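Residues per chain are reported as follows:
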Amino acid sequence: MSADRPTLPPVRLHSEAELARDALSAPLMARAAKLARWAERGVPVGVGGEILHEALGAATEHLGLAGDEDGPACTAEAWQLAVDTGLVEIEESSEDSADEDGAGLSDDAAVGTATPGEELNLLTSGSPQDILDIWLGGMETVLADAAAPDLADLADQLTENGELDLDAIDWNPEEEAEVLDGILGNLYLLTALSEDPGQDVPLPALAASMIIPDDMDEPTDDILEEVSEAMMRLDDQFRVLEPIGLVAYRPVDEALIEEVDEDGETVLPQGPSTSSGPGGTPIAEPLTDEDVSRYGLVRLTPLGVYAVRARLLDAGAHAPAVGDLTDKGADVLLDALPDYPETLAQAESERWLAARTPLDAARDLLAAARGDDERAPRRRLAAQQTLSLVSPDAEAALREVLDDRQLGGLARVWLAERALPGIPEPSEDMIFWLTVDTIAAQLDSADENAVPELRELVQGLTDQHSGFFDTAWRVDHPATADVLEAMGRLHPDKKAAKEARKAAFKARSRQSG
């Protein structure tokens with residue numbers, strides 16, 4: 001894999017059938033489809049396929065939005081989506097009532113007729129992927145709308161001649177689209193890393209993630225103001241994106257927006273307030289969940305995760321999904337699993353195993369687990385974890401490797417966990433080799449949060465085996481010296497840590513000699 005190709009954590013996708021149902025039930029898509037069917041008798045349209053004023057009223061009533069203040073705007077938006085996705089087709093009038101630029105046309109002059117398009121039939125008779133393809137096309141239109149400047153800002157920047165002063169509105173289409181892509185990418189990453197994919201993200205935190213530098217301990221007032229402005233922009237954008245089903249969004253409380261409009265103050269939550277207790281001691285009063293929710297909460301929907309992943313793949317990113325490895329070899333599976341979160345690694349393993357017989361799966365996993373390269377310990381640990389999900393029907397495969405130096409230890413563990421008879425006692429060499437291999441795998445995949453667990457493991461080993469380091473340095477494993485050096489860093493007892501460092505020196509000398 002190319003070093004400059006970004007790799008994201010895996011995600012769990014809903015089935016195409018479930019996603020297609022979500023796409024059809026997204027409010028904007030459902031309205032667009034309803035209007036496309038309503039257009040069966042033909043609907044006069046203007047330049048660009050926009051629905052004309054008289055027809056807009058009838059369409060709004062057809063959608064049941066006639067009594068809604070925003071009904072006409074919602075209807076026009078749904079109609080435009082129907083046009084953009086091919087749910088309706090436009091047949092231009094044969095009469096030339098104007099030149100190519102539309103000069104001479106009145107504001108409500110029809111230049112064509114809209115009727116149901118071929119794509120409409122796919123919503124009922126097409127495959128789930130057909131439906132998703134139509135939805136993705138519509139989503140791209142909505143994303144473009146979300147990245148467009150505010151109409152009020154545009155009106156303010158019209159010149160006396162009615163021309164738009166693009167320099168004055170400080171809007172760069174490519175930059176705006178890139179920022180929105182970055183926000184959606186952050187949401188995708190948070191979803192992938194979260195144990196609860198349905199966890200809402202506070203809007204201030206999302207805006208801050210794009211603006212506040214990682215090395216800034218205390219943001220300045222200017223930075224906070226920038227975050228506040230970005231947050232309000234995101235509020236507008238997520239309101240546009242929610243009807244297409246990309247995000248689930250709880251908007252910023254209108255009362256807060258009114259306060260900002262009146263006072264010009266930042267809309268960001270100010271954090272815990274303080275009051276004085278006995279003796280003047282400050283008492284923290286943290287923000288409640290309800291307080292936080294007033295500033296906006298957002299998350300990607302399952303359909304949104306699917307859509308953002310599709311865009312990431314198109315952009316060249318490596319964005320795996322659970323199930324991607326089902327038809328791959330055991331070597332590919334074991335190479336990937338160590339980088340997966342635990343729950344997704346198990347889900348991926350279960351799908352991979354379900355496509356094979358227990359015996360064949362076990363033999364493939366064991367063969368792929370062999371090796372003396374740097375990643376081999378991680379592969380063996382992944383193999384051991386995957387094999388723990390295999391039924392006892394694989395017993396023969398594990399017995400076949402009992403005498404294997406690299407696999408005999410984990411095979412004995414597997415057989416013992418199932419209380420199967422006739423398990424030969426492992427030699428001391430095999431026990432120590434498996435110990436070094438296991439620690440090497442955990443060191444390679446450990447993060448800062450795992451250090452306490454590693455420290456407990458290291459201390460437990462030396463407590464259980466007196467003279468552990470006298471034997472460990474002789475273990476014929478490529479990672480022996482590295483493991484012992486790590487044990488020297490991790491062991492809480494200074495004397496034991498010193499013994500580990502001495503043993504590491506001996507192992508290094510033995511390997512080089």
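Predicted, not measured: the structure shown is a model, and the values here were computed from it. (Residues numbered from 1 in each chain as written. Predicted model: local features only at pLDDT ≥ 70, side-chain atom pairs only at ≥ 80, totals over all residues. Heavy atoms only, no water.)

1. Points about a positive patch on the surface
Residues Arg474, Lys498, Arg501, Lys502, Lys506 and Arg510 make up a contiguous surface patch of positive charge. With respect to the secondary-structure elements, Lys506 resides in helix α24 (residues 494-512). (Patch = residues over 30% accessible without salt bridge, like charges linked within 9 Å, V, L, I, M, F, W, Y side chains within 5 Å. Areas by Shrake-Rupley, 256 points an atom, 1.4 Å probe, with all protein chains shown as cover. Salt bridge = Lys/Arg side-chain N within 4 Å of Asp/Glu carboxyl O. Lys, Arg positive; Asp, Glu negative; His and termini not counted. Charge placed at Lys NZ, Arg CZ, Asp CG, Glu CD. Helix = DSSP H or I, 4+ residues; strand = E, 2+ residues; numbered from the N terminus.)

2. Quick word on the sheet that holds strand β2 (residues 88-92)
If you trace the three strands from one edge of the open sheet to the other, you get β1-β3-β2, paired in antiparallel fashion. Each end of this open sheet is capped by a strand with a single partner; those strands are β1 (43-45) and β2. Each adjacent strand pair in this sheet contributes to an overall mean axis angle of 35°, direction not counted. In this sheet, strand β3 (residues 112-116) lies alongside β2 in antiparallel orientation, the contact comprising five bridges. Directly across from Ile90, in β3, lies its bridge partner Ala114. (Pairing = 2+ DSSP bridges. Axes fitted to C-alpha atoms, helices over the stretch in contact; angles between N-to-C directions.)

3. Here's the deal with the nonpolar core
In this structure, Trp79, Trp135, Phe238, Leu241 and Leu246 are the most contacted members of the largest nonpolar core, which totals 79 residues. Ranked by the residues each element gives to this core, the list is headed by helix α6 (residues 128-147), at 10 residues. The contact partners of Trp79, leaving out residues within four places of it in the chain, are Leu35, Trp38, Ala39, Val43, Val45, Gly49, Glu50, Ile51, Val88 and Ala114. The next biggest cluster of nonpolar side chains, apart from the first, holds 34 residues, and it includes Ala330, Leu353, Leu365 and Val401. (Core = buried A, V, L, I, M, F, W, Y, C linked by side-chain atoms within 4.5 Å. Buried < 20%, exposed > 50% of the residue type's maximum accessible area, 1.4 Å probe, protein only. Contact = heavy atoms within 4.5 Å.)

4. Digging into empty space enclosed by the protein
One pass over the full model with this rule turns up one cavity of 30 Å³ or more. By volume, the largest cavity amounts to about 50 Å³. Of all the secondary structure elements, the ones that give two or more residues to the lining of the largest cavity are α17 (376-387) and α20 (428-445). Considering only residue class, the lining of the largest cavity consists of five nonpolar, three polar and two charged. (1 Å grid on protein atoms, 1.4 Å probe; cavity = no way out; pocket = protein on both sides within 12 Å on 5 of 7 lines; lining within 4 Å. Points joined across faces, edges and corners; volume = space filled by probe spheres on them. Nonpolar A, V, L, I, M, F, W, Y, C, P; charged D, E, K, R; others polar.)

5. So, the sheet that holds strand β8 (residues 297-300)
In space, the three strands of this open sheet follow the order β4-β8-β5, with antiparallel pairing throughout. One side of each edge strand has no neighbouring strand; the edge strands of this open sheet are β4 (201-202) and β5 (247-250). Relative to β8, β4 is paired through two bridges, and the arrangement is antiparallel. Bridged to Pro202 within β8 is Leu297. Taken strand by strand, helix α8 (residues 173-193) contacts β4 and β8, and its axis lies near 75° from that of β8.

6. A closer look at unusual backbone geometry
In the Ramachandran plot, Ala419 falls in the positive-phi region, its phi being about 55° despite a non-glycine side chain. Tracing the sequence through the fold places Ala419 in the loop between α19 (408-417) and α20.

7. Some remarks on the pairing of β3
In the sheet, β1 pairs with β3 via three bridges, with the strands oriented antiparallel. Following the sheet pairing, Val45 is matched in β3 by Gly112.

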